[in-house]
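For reference, the chains in residue letters:
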Amino acid sequence: MKYDALLIVDVQIALMEERPFNEKMMISNIKRIINAFREKNIPIIYVRHDGGKGDELEKDSRGWQIYDEIAPEDNDKIIDKKYNSAFRQTELHQYLQSIGAKNIIICGMQTEYCIDATCKVAFEMDYHVTIPKKATTTYDNDFAKAEDLLEYYEEKIWNNRYAQVLSVDEIIMG
């Protein structure tokens, strides 16, 4: 499979400081994909959530910044959003069209919110979506453990419905 773009959604300082499930594995997997894509000159797009005034993800605050371990380089694209979907009222779709992207990879945070919404909207817009295994994450909540949510979305919601869920090795070698 030839991939046209990598979307890294909401991997921001404030969210990482809350210690999401399997954070080291997620960051390691995202780094591996970033490195492989940079070698192949495949566009990398960072999506950053603005939670509004007073929020931990308030625009221009420290917590709003992209997590330093996977920080963007000068030629990477950064798109700011205010909704769960990275497509809603942003330039993402137009940018993807401008670079001729049809096959995209989505990774980042949070599995059941922004990743799920972005995946489903991308599917509806006829993008071929791939989600790397263990390259999204979330937190435990009152209803489910983060580990269970991640497995549920990867195996029961996304895979072969809205996206392909593949290992990082399959993506890098593909």
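What counts as what
- Residues numbered from 1 in each chain as written.
- Predicted model: local features only at pLDDT ≥ 70, side-chain atom pairs only at ≥ 80, totals over all residues.
- Heavy atoms only, no water.
- Phe/Tyr/Trp six-rings, centres within 6.5 Å; stacked < 30°, edge-to-face > 60°.
- Helix = DSSP H or I, 4+ residues; strand = E, 2+ residues; numbered from the N terminus.
- Buried < 20%, exposed > 50% of the residue type's maximum accessible area, 1.4 Å probe, protein only.
- Lys NZ or Arg CZ within 6 Å of the ring centre and 35° of its normal.
- Expected span 1.5 Å × (residues − 1).
- Contact = heavy atoms within 4.5 Å.
- Core = buried A, V, L, I, M, F, W, Y, C linked by side-chain atoms within 4.5 Å.
- Disulfide = S-S within 2.5 Å.
- Pairing = 2+ DSSP bridges.
- Axes fitted to C-alpha atoms, helices over the stretch in contact; angles between N-to-C directions.
- Parallel < 35°, antiparallel > 145°, perpendicular 65-115°, else oblique.
- Left-handed = near helix turned anticlockwise from the far one by under 90°.
- Nonpolar A, V, L, I, M, F, W, Y, C, P; charged D, E, K, R; others polar.

Participant: Before we go on, may I ask you to explain the packing of aromatic side chains in this structure?
Facilitator: Geometry of an aromatic ring pair is reported as the spacing of the ring centres plus the angle between the planes. Considering all chains together, one arrives at five aromatic pairs under this definition. Aromatic side chains Phe-123 and Tyr-162 sit 5.2 Å apart centroid to centroid with 85 degrees between the ring planes, which places their arrangement in the edge-to-face category. In this pair, Phe-123 is assigned in helix α4 (residues 111–124) and Tyr-162 in the loop between α5 (146–158) and β7 (164–166), connecting sequence segments 39 residues apart. Given the relative accessible area of 33%, Phe-123 is considered partly exposed. For Tyr-162, a relative accessible area of 27% gives the class partly exposed. Through a chain of ring-to-ring contacts, three or more aromatic side chains come together here, namely Tyr-152, Tyr-153 and Trp-158. For the cation-ring pair, Arg-48 lies above Trp-64, with the distance from its terminal atom to the ring centre recorded as 3.6 Å. The aromatic ring of Tyr-127 is capped on one face by Lys-102, whose charged end is 5.2 Å from the ring centroid.

Participant: Looking at this model, I keep getting lost on α4. Mind explaining?
Facilitator: Given 3.6 residues to a turn, an α-helix orients residues that are three or four positions apart in the same direction. Spanning 14 residues, α4 covers 18 Å between terminal C-alpha atoms, matching the ideal 20 Å at 1.5 Å per step. Three or more residues of α4 are buried, namely Thr-111, Glu-112, Cys-114, Ile-115, Asp-116, Thr-118, Cys-119 and Ala-122. Tucked inside the fold, the buried residues of α4 contact β1 (5–9), β3 (77–81), β4 (103–109), β5 (128–132), β6 (136–137) and α5.

Participant: Could you clarify how one ought to interpret the nonpolar core in this entry?
Facilitator: Looking at soluble globular proteins, one finds that nonpolar side chains tend to be buried together. Ranked by size, the top nonpolar core spans 30 residues in total, and within it Leu-6, Ile-8, Val-11, Ile-30, Ile-34, Phe-37 and Ile-70 carry the most contacts. The leading source of residues in this core is helix α2 (residues 23–39), at seven residues. Apart from the residues within four sequence positions on either side, Val-11 is in contact with Met-16, Met-26, Ile-27, Ile-30, Gln-65, Ile-66, Tyr-67, Ile-70, Gly-108 and Met-109. Counting residues in each nonpolar core, the second largest holds 26 residues, with Ala-5, Leu-7, Val-9 and Leu-92 among its members.

Participant: For this particular structure, what's the right way to read the state of the cysteines?
Facilitator: Simply put, disulfide is the name for a covalent bond between the sulfur atoms of two cysteines. A complete count under the given rule lists zero disulfides for this structure. Not part of a disulfide, Cys-114 finds its nearest cysteine sulfur in Cys-119, a span of 13 Å. Classification of Cys-114 by relative accessible area gives buried; the value is 7%. We note that Cys-119 lacks a disulfide partner, and the nearest cysteine sulfur, in Cys-107, lies 12 Å from it.

Participant: I keep staring at the pairing of β1 and nothing clicks. Help me out?
Facilitator: The two faces of a sheet get side chains in turn, since along a regular strand they alternate between them. With five of five residues buried, β1 is to be regarded as a mostly interior element. Neither face of β1 is exposed, since Ala-5, Leu-7 and Val-9 on one face and Leu-6 and Ile-8 on the opposite face are all buried. Relative to β4, β1 runs parallel, the two being bridged by five bridges. Counted as the bridge partner of Val-9 is Gly-108 from β4.

Participant: In this structure, what is going on with the pairing of strand β2 (residues 44–49)? I would like to understand it.
Facilitator: For β2, the tally of buried residues reaches six of six residues, placing the bulk of the element in the interior. Burial along β2 is two-sided: Ile-44, Tyr-46 and Arg-48 and Ile-45, Val-47 and His-49, pointing in opposite directions, are all buried. With five bridges connecting them, β2 and β3 associate as parallel partners. By the bridge assignment, Tyr-46 is partnered in β3 with Ile-78.

Participant: Sorry if this is basic, but what is going on with the packing of α4 against α5 here?
Facilitator: Axis angle and axis distance: for two packed helices, these are the angle between their axes and the distance between the axes, and together they describe the pair. Between α4 and α5, whose axes approach to 11 Å, the crossing angle comes to 20 degrees. Here α4 lies roughly parallel to α5, going by the angle between them. Handedness of the α4/α5 crossing: right-handed. Residues Thr-111, Glu-112, Ile-115, Asp-116, Cys-119 and Lys-120 of α4 touch α5, and the partners they reach there are Leu-149, Leu-150, Tyr-153, Ile-157 and Trp-158. Across the contact of α4 with α5, the residue classes tally to seven nonpolar, one polar and three charged.

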